[in-house]
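Examining the three-dimensional arrangement
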Amino acid sequence: MRLNAYLARAGLASRRGADALIKAGKVTVNGHQGQLNDQVTDDDEIKIDGRLVQEQKPRYILLYKPAGYVSTLADPQGRPKVTDLIDISERVAPVGRLDFNTTGALLLTNDGQLAHKLAHPSFEIDKVYEAKVRGKITPEILNKLSIGVEFDGRVSAPAKAKALPDNVVELTIHEGKKHQVKKMLAAVGLPVVKLRRTKYGPLTLAGLKPGQWRELSPGEISNLLQ
């Protein structure tokens, strides 16, 4: 695998962060300075600043993200991070993001290859959201959402949309643009009051309360890796 992917899977940095370490000359492979296009295996001796890199055990975590946490590994404002909620020795990172006050299903892993795959637009993993909105939910609005709506100068891919009790819209999308659900609903006159992601691909929140997490089962991991 590429050197940056190896470092990411070892939990030492994101791929972008690994690229920065390599460019800075901090990484060696078998005693030679590492290069961005290096291909490595577990048999290679890889060091950062002279310290041997040891690959972490792969971890796959589903978190029920509560409101009031950022989905990044660092925050300039010092706000609580989703990784603060997960008590494991390995370094894991969120796959995609949920906004600060958005709740729901969030996958975290140290498997850089899987994270890269899931984040790629061609993978088209379904994400299901429940959005409590202001305004009247009509069949015409649901039809617009199902066809695609314009925001930020582009038209969204078709979505699955249906009305739930208490003025809630259930929206299923496979894109992952920033604030996409809020922008789609605002574009059809339904500003979001509260937002929760109930499903990420095959993963649901069953058995979890806000702030709780669990390991993925072997079957769930296999499903995501396919």
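Everything discussed here concerns the structure shown above.
Residues numbered from 1 in each chain as written. Predicted model: local features only at pLDDT ≥ 70, side-chain atom pairs only at ≥ 80, totals over all residues. Heavy atoms only, no water.

**Description of the overall build of the protein**
Across its full length, the protein carries 6 helices and 15 strands. With respect to the three principal axes, the spread of C-alpha positions in the protein is 65 × 40 × 35 Å. Here the protein displays about 12,000 Å² of accessible surface, and carbon together with sulfur accounts for 49% of that area. Of the side chains in the protein, 34 bear a positive and 25 a negative charge, and the two mean positions are spaced by 6 Å. (Helix = DSSP H or I, 4+ residues; strand = E, 2+ residues; numbered from the N terminus. Areas by Shrake-Rupley, 256 points an atom, 1.4 Å probe, with all protein chains shown as cover. Lys, Arg positive; Asp, Glu negative; His and termini not counted. Charge placed at Lys NZ, Arg CZ, Asp CG, Glu CD.)

**Topic: unusual backbone geometry**
A positive phi angle, near 65°, is found at Asp 166, a position not held by glycine. Within the fold, Asp 166 resides in the loop between β11 (160-164) and β12 (168-173). In this structure, Asn 167 takes a positive phi of about 60° despite not being glycine. Within the element layout of this structure, Asn 167 appears in the loop between β11 and β12. Classification of Asn 167 as partly exposed rests on a relative accessible area of 29%. (Buried < 20%, exposed > 50% of the residue type's maximum accessible area, 1.4 Å probe, protein only.)

**Quick word on the packing of aromatic side chains**
Inspection of the entire model under this criterion finds 0 aromatic pairs. Here Arg 79 stacks its cationic end above the ring of Phe 100, 4.7 Å away from the centre of that ring. (Phe/Tyr/Trp six-rings, centres within 6.5 Å; stacked < 30°, edge-to-face > 60°. Lys NZ or Arg CZ within 6 Å of the ring centre and 35° of its normal.)

**Description of the side chain of Ser 71**
Mapped onto the elements, Ser 71 comes out in the loop between β5 (60-65) and β6 (93-94). The residues touching Ser 71, leaving out its near neighbours within four places in the chain, are Lys 65, Val 82, Pro 94, Gly 96, Arg 97, Leu 98 and Leu 106. (Contact = heavy atoms within 4.5 Å.)

**With respect to the environment of Asp 84**
As for its position among the elements, Asp 84 is in the loop between β5 and β6. When the C-alpha positions of Asp 84 and Tyr 69 are compared, they lie 9.0 Å apart, and in sequence the two are 15 residues distant. Among the polar contacts made by the side chain of Asp 84, one reaches the main-chain amide nitrogen of Lys 81 at a distance of 2.9 Å. (Polar contact = N/O pair within 3.5 Å; in protein donor to acceptor, adjacent residues only side chain to side chain.)

**A short note on the nonpolar core**
In this structure, Leu 108, Leu 145, Val 169, Met 184, Leu 185 and Leu 190 are the most contacted members of the largest nonpolar core, which totals 28 residues. For this core, the elements supplying multiple residues, two or more each, are β5, β7 (103-109), β8 (127-133), α4 (139-147), β12 and α5 (180-187). Contact partners of Val 169, with chain neighbours within four places excluded, come to Tyr 129, Glu 130, Ala 131, Val 133, Ile 137, Leu 142, Leu 145, Lys 162, Leu 185 and Leu 190. Counting 16 residues, the second-largest nonpolar core is a separate cluster that includes Ala 105, Tyr 200, Leu 203 and Leu 224. (Core = buried A, V, L, I, M, F, W, Y, C linked by side-chain atoms within 4.5 Å.)

**With respect to the environment of Arg 97**
If you trace the backbone, Arg 97 turns up in the loop between β6 and β7. According to the relative accessible area criterion, Arg 97 is exposed, its value standing at 63%. In this structure the C-alpha to C-alpha distance between Arg 97 and Lys 178, which are 81 residues apart in sequence, comes to 8.6 Å. Arg 97 has contacts with Ser 71, Thr 72 and Arg 197, leaving out every residue within four places of it along the chain.

**A word on the layout of surface pockets**
Counted as a void, the second largest pocket has a volume near 160 Å³. Lining the second largest pocket, in full, are Tyr 64, Asn 101, Thr 103, Glu 130, Lys 132, Val 168, Lys 194, Leu 195 and Arg 196. Among the elements of the structure, β8 and β13 (192-200) are those that each provide at least two residues to the lining of the second largest pocket. In terms of residue count, β13 provides more of the lining of the second largest pocket than any other element does, 3 residues in total. Taken together, the residues of the lining of the second largest pocket sort by class into 3 nonpolar, 2 polar and 4 charged. (1 Å grid on protein atoms, 1.4 Å probe; cavity = no way out; pocket = protein on both sides within 12 Å on 5 of 7 lines; lining within 4 Å. Points joined across faces, edges and corners; volume = space filled by probe spheres on them. Nonpolar A, V, L, I, M, F, W, Y, C, P; charged D, E, K, R; others polar.)

**Section: the sheet that holds strand β4 (residues 51-52)**
Read across the open sheet, the 4 strands follow the order β2-β1-β3-β4; overall the sheet is antiparallel. Each end of this open sheet is capped by a strand with a single partner; those strands are β2 (32-33) and β4. The sheet contact formed by strand β1 (residues 27-29) and strand β3 (residues 46-48) spans 3 bridges and is antiparallel. The partner of Val 27 across the bridge, within β3, is Ile 48. (Pairing = 2+ DSSP bridges.)

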